[in-house]
Amino acid sequence: MKGREAIDAWRLEAAETVVRGRVTQMSAGANALLDGKPVVRADFVVDEVVKGQVGARALRLVTLFGLGDCGSAGLLLAAIGWNRPVRIEVEALKDTGDYFITICDYAVMESQPR
């Protein structure tokens, strides 16, 4: 393995919870706040739990905008636009039922639907 593949393999190994599925809808800004700050929210349908456990097949993902803050908004938007599944590391946000994601953790958009 070289380059990006090696980094992705290392990130997957280090991850606690990874899901595979599709982004179905996104919202941002005034319609998506966390602790009073604007974030990006995405509805996500889980096709497979790759690693760890999640409590549902439909998740609400929360991320930042990706302007130097490790946000995954671009990945999520591309996944909708290209209709491709993604495999991403998720972390449950305490007391919200939402899951946080960042591009700095394990996050891969599949090149072809399975």
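Quick summary incoming for the structure in this document. Just so it is clear, the structure is predicted and the values come from calculations on it, not from any experiment.

Turning our attention to the overall build of the protein chain. On a plain count of helices and strands, the protein chain comes out with two helices and seven strands. Projected onto the principal axes, the alpha-carbon positions of the protein chain cover approximately 40 × 30 × 25 Å. Evaluated residue by residue, the protein chain yields a buried proportion of 36% over its 114 residues. Contacts in the protein chain between residues at least 24 apart in sequence constitute 58% of all its contacts with a sequence separation of at least 6.

Going through the model one piece at a time under the given rule, you end up with five salt bridges. Of the charged contacts, one joins Arg87 and Glu110 as a salt bridge, the two residues approaching to 3.1 Å between their closest N and O atoms. Separated by 23 residues along the polypeptide, Arg87 in strand β4 (residues 86-89) and Glu110 in the segment after β7 (107-109) bring together distant segments of the chain. The class for Glu110 is buried, based on a relative accessible area of 5%. Residues joined by salt bridges that share partners form a network here, namely Arg20, Asp47, Arg87 and Glu110.

By size, the foremost hydrophobic cluster in this structure holds 17 residues, and its most contacted members are Val19, Phe44, Leu59, Leu61, Ile88 and Val90. Looking at this core, the elements that each hand over two or more residues are β1 (18-34), β2 (37-51), β3 (58-63), α2 (73-81) and β4. Here Val90 is in contact with Thr17, Val19, Val54, Leu61, Tyr99, Phe100 and Ile101, once residues within four sequence places are set aside.

Quick look at the side chain of Thr63 now. Checked against the element boundaries, Thr63 lands in strand β3. There is a polar contact of 2.8 Å between the side chain of Thr63 and the backbone nitrogen of Ser72. Each residue touching Thr63, except ones within four places of it in the same chain, is listed here: Val39, Val40, Gly71, Ser72, Ala73, Leu76, Phe100, Ile101 and Thr102.

A separate point is the pairing of β3. For β2 and β3, the ladder comprises six bridges, and the chain directions are antiparallel. When the bridges of β3 are listed, Arg41 appears paired with Val62. Between β2 and β3, which pair antiparallel in sequence order, lie six residues; one of them, Gly52, sits at a positive phi of approximately 85°. Here β3 runs beside strand β6 (residues 99-100); their pairing, made up of two bridges, is parallel. Bridging across to β6, Leu61 finds its partner in Tyr99.

Here we have seven strands laid out as an open sheet, ordered β5-β6-β3-β2-β1-β4-β7, and mixed in their pairing. Here the strands that pair on one side only, and so sit at the sheet edges, are β5 (91-92) and β7. Examined bridge by bridge, β5 and β6 share two bridges and lie antiparallel to one another. Across the sheet, residue Glu91 finds its bridge partner in β6, namely Phe100. The sheet strands contacting helix α1 (residues 3-14) are β1, β2 and β7, and the helix crosses β2 at an angle near 85°. Contacting β1, β2, β3, β4 and β7, α2 crosses the sheet at an angle of about 115° to β1.

Cut-offs and rules
- Residues numbered from 1 in each chain as written.
- Predicted model: local features only at pLDDT ≥ 70, side-chain atom pairs only at ≥ 80, totals over all residues.
- Heavy atoms only, no water.
- Helix = DSSP H or I, 4+ residues; strand = E, 2+ residues; numbered from the N terminus.
- Buried < 20%, exposed > 50% of the residue type's maximum accessible area, 1.4 Å probe, protein only.
- Contact = heavy atoms within 4.5 Å.
- Salt bridge = Lys/Arg side-chain N within 4 Å of Asp/Glu carboxyl O.
- Core = buried A, V, L, I, M, F, W, Y, C linked by side-chain atoms within 4.5 Å.
- Polar contact = N/O pair within 3.5 Å; in protein donor to acceptor, adjacent residues only side chain to side chain.
- Pairing = 2+ DSSP bridges.
- Axes fitted to C-alpha atoms, helices over the stretch in contact; angles between N-to-C directions.

Fair warning: the whole summary comes from geometry, so function is off the table for now.
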